[in-house]
Amino acid sequence: MSVKKLGSSCKTLNKKNHGVPFILSAPAGTGKTTLVKKLTSEADHIVRNVSYTTRSPRGNEENGKDYHFISFQDFERKIKKGDFLEYAEVFGNFYGTCKESVNKLLVGGFDAVLILDTQGALKIKEFLEGVYIFMSPPSLEELESRLINRKTEKPEDLIRRLSWAHHEIEQAKYYDYHIVNCQIEKAYQALKSIFHAEKFKIRK
């Protein structure tokens with residue numbers, strides 16, 4: 001049974017149910033975005049929530065699809081208006097999760113995937129009931145190799161990211177699930193199995 005078929009049957013049986021928030025954290029370069037794109041392409045009931053950020057687009061990233069790219073001034077205005085479920089500063093740039101967009105997905109019956117760093121994830125874990133998943137690389141050495149190969153990091157940024165990755169991996173114990181991405185297809189199957197199981201979980 002494919003994810004899409006599973007989603008269709010669950011929608012039919014649970015039309016009045018809200019969707020489930022899935023919060024995914026992982027160090028940069030671990031492959032989380034690739035896996036989420038694959039998952040959402042196979043399952044029409046699973047949708048990635050698009051976060052806001054003040055950083056510039058990388059490579060082929062598209063505004064409104066990968067992130068909502070906005071200025072520091074606009075980000076500050078959203079903070080003052082209380083638009084964010086959570087927000088955090090990472091390496092000099094801000095990232096935020098819009099309350100309204102997440103709520104629309106959940107009320108609409110969609111399972112919302114929130115890709116957050118550990119700061120944001122552990123912050124909302126205090127008040128948002130959801131499924132918290134951490135993904136880590138097989139080693140920091142392998143992560144360094146992946147970051148070098150993707151050619152998006154300056155040498156000084158690479159050092160900072162590896163240091164921060166070490167800190168993030170230590171936070172994995174606070175999550176519900178921990179996937180080690182040694183091989184992309186195995187990691188994907190593990191991630192998909194979590195979504196399958198959680199759709200059938202009895203929530204009281």
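The sections below set out a description of the structure shown in this document. Sequence order sets the numbering: in each chain, residues are counted from 1 along the sequence as written. At least 70 in pLDDT is required for a residue's local features to be given in this predicted model, at least 80 for side-chain atom pairs to be given and counted, and no such filter applies to totals for whole chains, interfaces and linings, which use all residues. Water and hydrogen atoms play no part in the side-chain values, which are based on all heavy atoms of the structure.

**Section: the sheet that holds strand E7 (residues 111-115)**
Phase 1: The pairing criterion for strands is at least two bridges between them, as found by DSSP. Runs of E in the DSSP output that reach at least two residues are strands. Runs of H or I that reach at least four are helices, and both are numbered from the N terminus. With parallel pairing, 5 strands are arranged side by side in an open sheet as E2-E7-E1-E8-E9. Pairing within the sheet leaves two strands with one partner each, and these edge strands are strand E2 (46-48) and strand E9 (177-180). For this sheet, the mean inter-axis angle between neighbouring strands, taken without regard to orientation, is 25°.
Phase 2: Note: strand E1 (residues 21-25) against E7, 4 bridges, orientation parallel. Bridging from a neighbouring strand, Ile23 pairs with Leu114 of E7. Axis definition: a line fitted to C-alpha atoms, over the contacting stretch in the case of helices. Angles run 0 to 180 degrees between N-to-C directions.

**Comments concerning the pattern of salt bridges**
Phase 1: Whenever Lys or Arg places a side-chain nitrogen within 4 Å of a carboxyl oxygen from Asp or Glu, that contact is recorded as a salt bridge. The final tally for this structure, using the stated rule, is 9 salt bridges.
Phase 2: Here Glu42 ties to Lys192 by a salt bridge, and the two come within 4.0 Å at their closest N and O atoms. Taken together, the residues Glu42 in helix H2 (residues 32-42) and Lys192 in helix H8 (residues 184-200) connect sequence positions 150 residues apart.
Phase 3: Remark: exposure states derive from per-residue accessible area (1.4 Å probe, protein chains only) relative to the maximum for the residue type, with buried under 20%, exposed over 50%, and partly exposed in between. Note on Lys192: relative accessible area 15%, which makes it buried.
Phase 4: A salt bridge links Arg77 to Asp74; its shortest N-O distance comes to 2.2 Å. Here the residue Arg77 and the residue Asp74 both occupy positions in helix H3 (residues 72-81), the gap between them amounting to 3 residues, near one helical turn.
Phase 5: One salt-bridge network, in which partners are shared between bridges, spans Lys38, Glu42 and Lys192.

**A few points about the pairing of E1**
Phase 1: Burial analysis of E1 places 5 of its 5 residues in the buried class, which makes it a mostly covered element.
Phase 2: Where burial is concerned, the two faces of E1 agree: the one with Pro21, Ile23 and Ser25 and the one with Phe22 and Leu24 are both buried.
Phase 3: As judged from the 4 bridges shared by E1 and strand E8 (residues 131-136), these two strands associate in the parallel manner. Bridge pairing links Leu24 to Ile133 in E8.

**Notes on helix H4 (residues 99-107)**
Phase 1: Turning to H4, its buried residues number three or more, namely Val102, Leu105 and Leu106. Buried positions in H4, seen along its axis, are confined to an arc of 95° and lie on one side of it.
Phase 2: Those residues of H4 that are buried lie in contact with E1, E2, strand E6 (93-98) and E7.
Phase 3: Residue Gly109 follows H4 closely and has a positive phi angle near 90°. Directions from the helix axis toward the C-beta atoms define the arc. We call two residues contacting when some pair of their heavy atoms lies within 4.5 Å.

**A look at the side chain of Ser136**
Phase 1: For Ser136, the location among the structural elements is in strand E8.
Phase 2: Apart from the residues within four sequence positions on either side, Ser136 is in contact with Pro27, Thr30, Ile169, His178, Ile179, Val180 and Asn181.

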